[in-house]
Amino acid sequence: MTVPGQPHVTVPGQPHATDHPEQLPTTGPADRRVSAGVSETQGAVTLIGSVQRAMRLLEAVATHGYGAPAKQLARETGLALPTTYHLLRTLVHEGYLHREKGLFFLGDAAERLSSSGAQQKRRSTVADTLAHWRDSIGVPVYYAMYRNGEIDVMCVSDSPEAPAVEEWADFRETGHAHAIGQCLLSQLDEDTRRDHLARYPAQAITPYTVRDNDALLRRLGRTRRMEAVVERQEYALGTVCAAVPITVGTTAATMAISLPARHADRLLPAAERLQAEIGRHLGSLTLSISI
C-alpha cells in the first residue's frame, strides 16, 4: 500500500548557479573575503560567514530564557558589537527574534522551526521503529491514527522482500474493509463509529467484505479491548492483515501488518510478536505516535 500525498523529493546532481554566493576573487588577503561575508575552510567548501554569525546569535539567545541584551550576546559569541546589532536587527525583522525592553528573545519564526524539528524527530523515531520491526518480523508494518474524523495512515515501512498492500481503493473510505480501519473504529465510542459509517458506509469491495453498517457494528461490538483485529481478503484479494490497537489518552491508533494469503498461517504469530514489541516499547513511543 502506498500513502497518498507524500512528496517526491529529488536531489539534483548539480546545484543552480544562484544557489552559491557570489564568487569573490581568490587573490588578496583572506580577511578581505571573510569581511565580505564569505569564509573558506579546507578544500573547496565555501561557508557564508554572516549566516554562521546569525546562527551563533540564535543559539546564544536560546540559552537565555529571560532574554539577553546585545552587549552580553556580543561577548558570548565573540562578535563585534556593531556586527551584533546589525544581525540582531535583521533577525528581529525576520521574526526569528523579538526585542523587549532592550532584551532579545526567540521569536515566532524560531519557535516554528523548533516545533517542526521536534515533529520531524518524532516521525523519524516512528519510521525507524517500524523499519526495525519490518526487518525482524519479516512483514510490512503500517502505522495509522483516527483524527479529525478520518482514518489517516501516517507511515508505512515495507521492502521488496515484504511489499505493502497496494491501495487500490481509498483507504479513508474503506475503513470497514481493512484491518487498520476496523481496529481504529473498534476503539471509538458508538456515536463516533456511526458518524464515520454515515459518511463512509460499509459496502462489499470483495466477496469477503462485511456487507452493511449493522453487520460491521455487531462485529466491532464483539471485539475485546486491546484485541488484535484480523481480516482475510476483505480489502484486497490474496492478502490477509492484522492490526494491533494502541490507545494513548484519547488518541486511537494502530500498528498493522499484512501478508499474502498463501502465508496466512504466519499472520497470527507475526501479529502476536508485533503486539509484544509494541508493549515493550510503548513507553518510549508514547510521545512519538501523535505525529
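Here the structure is a predicted model, which is why all the values come from computation and not from measurement.

The rules we used
- Residues numbered from 1 in each chain as written.
- Predicted model: local features only at pLDDT ≥ 70, side-chain atom pairs only at ≥ 80, totals over all residues.
- Heavy atoms only, no water.
- Helix = DSSP H or I, 4+ residues; strand = E, 2+ residues; numbered from the N terminus.
- Buried < 20%, exposed > 50% of the residue type's maximum accessible area, 1.4 Å probe, protein only.
- Areas by Shrake-Rupley, 256 points an atom, 1.4 Å probe, with all protein chains shown as cover.
- Core = buried A, V, L, I, M, F, W, Y, C linked by side-chain atoms within 4.5 Å.
- Contact = heavy atoms within 4.5 Å.
- Phe/Tyr/Trp six-rings, centres within 6.5 Å; stacked < 30°, edge-to-face > 60°.
- pLDDT = per-residue confidence, 0-100.
- Salt bridge = Lys/Arg side-chain N within 4 Å of Asp/Glu carboxyl O.

1. A look at the overall build of the chain
Each helix and strand counted, the chain has nine helices and nine strands in total. In the chain, buried positions account for 40% of the 291 residues. For the chain, the accessible surface area stands at approximately 16800 Å², while carbon and sulfur atoms represent 52% of it.

2. Re unusual backbone geometry
Phi is positive for Lys 101, which is not a glycine, with a value near 55°. For Lys 101, the position within the fold is in the loop between strand E3 (97-100) and strand E4 (103-106). In this structure, Met 226 takes a positive phi of about 65° despite not being glycine. Along the chain, the position of Met 226 falls in the loop between helix H8 (213-222) and strand E7 (229-232). According to the relative accessible area criterion, Met 226 is partly exposed, its value standing at 34%.

3. Focus on the nonpolar core
In terms of nonpolar packing, the biggest core is built from 29 residues, with Tyr 146, Ile 180, Leu 184 and Tyr 235 touching the most fellow members. It is helix H6 (residues 179-186) that contributes the most residues to this core, five residues altogether. With near-sequence residues (within four places) excluded, Leu 184 lies in contact with Ala 144, Met 145, Tyr 146, Ile 151, Ala 252, Ala 253 and Thr 254. Residues Val 139, Val 141, Val 240 and Met 255 belong to the second largest nonpolar core, which totals 23 residues.

4. A look at the packing of aromatic side chains
Each pair of aromatic rings is reported with the distance of its centres and the angle of its planes. Summed over the entire model, instances satisfying the criterion amount to two aromatic pairs. Taking 6.1 Å as the distance between ring centres and 45° as the angle between the ring planes, the aromatic pair formed by Trp 168 and Tyr 235 counts as tilted. Taken together, the positions of Trp 168 in the loop between strand E6 (150-157) and H6 and Tyr 235 in the loop between E7 and strand E8 (239-248) put the pair 67 residues apart, joining distant regions of the chain. Between Phe 171 and Tyr 235 the ring centres are 5.1 Å apart and the planes differ by 80°, which places this aromatic pair in the edge-to-face class. Of this pair, Phe 171 sits in the loop between E6 and H6 while Tyr 235 sits in the loop between E7 and E8; the two residues are 64 residues apart in sequence, bridging distant segments of the chain. Overall, the relative accessible area of 7% leaves Phe 171 in the buried class.

5. Remarks on the confidence of the model for the chain
Per-residue confidence for the chain gives a mean pLDDT of 82, with 77% of residues at or over 70. Model confidence for the chain, summarised as mean pLDDT per element, is weakest for helix H1 (residues 30-35) at 40 and strongest for E7 at 97.

6. So, the pattern of salt bridges
Considering all chains together, one arrives at ten salt bridges under this definition. Note that Asp 152 is salt-bridged to Arg 172, the shortest N-O span being 3.7 Å. In this pair, Asp 152 is assigned in strand E6 and Arg 172 in the loop between E6 and H6, connecting sequence segments 20 residues apart. For Asp 152, a relative accessible area of 15% translates into the label buried. On the accessibility criterion, Arg 172 (32% relative accessible area) is partly exposed. A salt bridge links Arg 199 to Asp 195; the nearest nitrogen and oxygen atoms lie 3.3 Å apart. With Arg 199 and Asp 195 both in helix H7 (residues 190-199) and four residues apart, this pair spans about one turn of that helix. A residue is classified by how much of its surface remains accessible, and Arg 199, at 34% relative accessible area, is partly exposed. Judged by its relative accessible area of 42%, Asp 195 is partly exposed. Through salt bridges with shared partners, a single network forms among Arg 147, Asp 152 and Arg 172.

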